[in-house]
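Below, each chain spelled out in residue letters.
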Amino acid sequence: MPTNLLTTWVENYTADLYKWALYKVSNRELAMDLVQDTFLSATEKMDSFKGDSSPKTWLFSILNHKIIDHYRKKVRQTVSVEDQSFSSFFEHDGGWQEQRKPNDWHIDEEENLLDDSEFQQVLKKCLDALPEKWSISVKLKYLMEKDSEEICQELGITPSNFWQIVHRAKLQLRDCVEKNWYN
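As the structure is a prediction and not an experimental result, all values here were calculated from the model.

Thresholds, definitions, all that
- Going along each chain's sequence as written, the residues are numbered from 1 onward.
- It should be noted that, the model being predicted, local features are given only for residues of pLDDT at least 70 and side-chain atom pairs only at 80 or more, the latter also being counted only at that level, while totals for whole chains, interfaces and linings use all residues.
- To obtain the side-chain values, all non-hydrogen atoms of the structure were included, while hydrogens and water were left out.
- The helix count covers DSSP runs of H or I at least four residues long, the strand count covers runs of E at least two residues long, and both are numbered beginning at the N terminus.
- Contacts between residues were defined by any pair of non-hydrogen atoms, one from each residue, lying within 4.5 Å.
- Surface exposure here means Shrake-Rupley accessible area, sampled with a 1.4 Å probe, where a residue is shielded only by the protein chains that are shown.
- In plain words, nonpolar cores are sets of buried Ala, Val, Leu, Ile, Met, Phe, Trp, Tyr and Cys residues tied together by side-chain atoms within 4.5 Å.
- Each residue gets one of three labels from its accessible area relative to the maximum for its type: buried under 20%, exposed over 50%, partly exposed in between, using a 1.4 Å probe on protein chains only.
- Orientation is described by lines fitted to C-alpha atoms, with helices fitted over the stretch in contact, and by angles between N-to-C directions that extend from 0 to 180 degrees.
- Orientation categories follow fixed angle ranges, with anything under 35 degrees roughly parallel, anything over 145 roughly antiparallel, 65 to 115 roughly perpendicular, and all other angles oblique.
- Each crossing gets its handedness from the near helix: less than a right angle anticlockwise from the far helix is left-handed, clockwise is right-handed.
- Given the number of residues in a helix, its expected span is that number minus one, multiplied by 1.5 Å.
- Every case where a carboxyl oxygen of Asp or Glu lies within 4 Å of a side-chain nitrogen of Lys or Arg is listed as a salt bridge.
- Regarding the arc, it is the one traced by the directions from the helix axis to the C-beta atoms.
- Any N or O atom pair separated by 3.5 Å or less is treated as a polar contact, with the protein-specific requirement of one donor-capable and one acceptor-capable atom, and with residues adjacent in sequence counted only for side-chain atom pairs.

Trainee: Mind showing me how you'd approach the overall build of the protein here?
Mentor: Scanning the protein for helices and strands turns up seven helices and zero strands. Tracing the protein from N to C terminus, the helices and strands come up as α-α-α-α-α-α-α. Long-range pairs, those at least 24 residues apart, make up 54% of the contacts in the protein with a sequence separation of at least 6. Within the structure as shown, the protein displays about 13,700 Å² of accessible surface, and the carbon and sulfur contribution to it stands at 51%.

Below is the structure:
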């Protein structure tokens, strides 16, 4: 890669790449490392850049793969609890010892939050507060249990758009339920 092109890309795209990485990993140092790794990979893979997309799009694609790789590694790491005081709370299989479960976790197995009429009212209020397409998407997916492909056809949206809508809707629903049910 010509040095002047790399310099231009670093100057033009570092801030946007860093903001995205920080948003995704919530750690400044890690975000900086991921952006640096992105530029290193871009340097190594310059021959594969055909110009079908903008350099910024290509760099974001590399960064997104770096972020995914980071989370994959993190998920694969085993967590060891060396503090023996925890062992008195859990069975050998990792489940809670029945007598040590937190008090508010002792719920009758037959009891379900969706059976609570007050909760249903809060949930309905929160669903109605969503933008129309978001609300419809969530209702079709989770209440009517429709297939995602069918929902996309029905609403005339792409699968990636559908999953983005559902993701944003769930975040907004969570906030709404937390404010109106738990508080």
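After that view of the structure, there is still more to cover.
Trainee: Teacher, can you tell me more about the nonpolar core here?
Mentor: As a rule of thumb, nonpolar side chains are buried together in soluble globular proteins. Within the largest apolar cluster, 19 residues are counted, with the highest numbers of intra-cluster contacts made by Leu 123, Cys 126, Leu 127, Leu 130, Phe 162 and Leu 173. Apart from residues lying up to four places away in sequence, Phe 162 is in contact with Ser 137, Lys 141, Ser 148, Ile 151, Cys 152 and Ile 157. Grouped together as the second largest cluster of nonpolar side chains are 18 residues, Ala 21, Phe 49, Leu 59 and Leu 63 included.

Trainee: What is the right way to read the packing of helix α4 (residues 117–129) against helix α7 (residues 159–182) from this model?
Mentor: The relative placement of two packed helices comes down to the angle between their axes together with the axis-to-axis distance. With their axes 9 Å apart at the nearest point, α4 and α7 run at an angle of 135° to one another. If you check the angle between α4 and α7, you find them oblique. Seen along the crossing, α4 lies across α7 with a hand that is right-handed. The segment α4 lies against α7, with Glu 118, Phe 119, Val 122, Leu 123, Lys 125, Cys 126, Leu 127 and Ala 129 engaging Gln 172, Leu 173, Cys 176, Val 177, Asn 180 and Trp 181.

Trainee: Any chance you could explain helix α3 (residues 55–76) here in plain terms?
Mentor: Three or four residues apart is the spacing at which side chains of an α-helix point the same way, because the helix has 3.6 residues per turn. With 22 residues, α3 should cover 32 Å at 1.5 Å per step; its first-to-last C-alpha distance of 32 Å lies within 8% of that length. Burial in α3 covers these residues: Trp 58, Leu 59, Phe 60, Ile 62, Leu 63 and Ile 67.

Trainee: Just to check I follow, could you spell out the pattern of salt bridges for this structure?
Mentor: Going through the model one piece at a time under the given rule, you end up with six salt bridges. Residues Lys 146 and Glu 150 are paired through a salt bridge, measuring 3.8 Å at the closest nitrogen-oxygen approach. The class for Glu 150 is partly exposed, based on a relative accessible area of 38%. One continuous salt-bridge network, built from bridges that share partners, spans Lys 124, Asp 128 and Lys 139.

Trainee: I tried to follow the environment of Ile 67 on my own but got confused; where do I start?
Mentor: One can find Ile 67 in helix α3. For the pair Ile 67 and Leu 30, spaced 37 residues apart in the sequence, the C-alpha separation amounts to 9.7 Å. With residues near it in sequence (within four places) discarded, Ile 67 still touches Trp 20, Ala 21, Lys 24, Val 25 and Leu 34.

Trainee: Sorry, what's going on with helix α6 (residues 148–155) here?
Mentor: Every buried residue of α6 is accounted for by Ser 148, Ile 151 and Cys 152. Looking straight down α6, one finds its buried side chains confined to an arc of 100°; they lie on one side. α6 presents Glu 149 and Gln 153 as exposed residues on the side facing more than 90 degrees away from its buried surface. Considering only its buried residues, α6 is in contact with α5 (132–143) and α7. Here α6 starts with a cap whose side-chain oxygen sits 3.3 Å from the backbone nitrogen of Glu 149, and that cap is Asp 147. Just downstream of α6 lies Gly 156, where phi reads positive at about 65°.

By themselves, these are just geometric observations and shouldn't be taken as functional.
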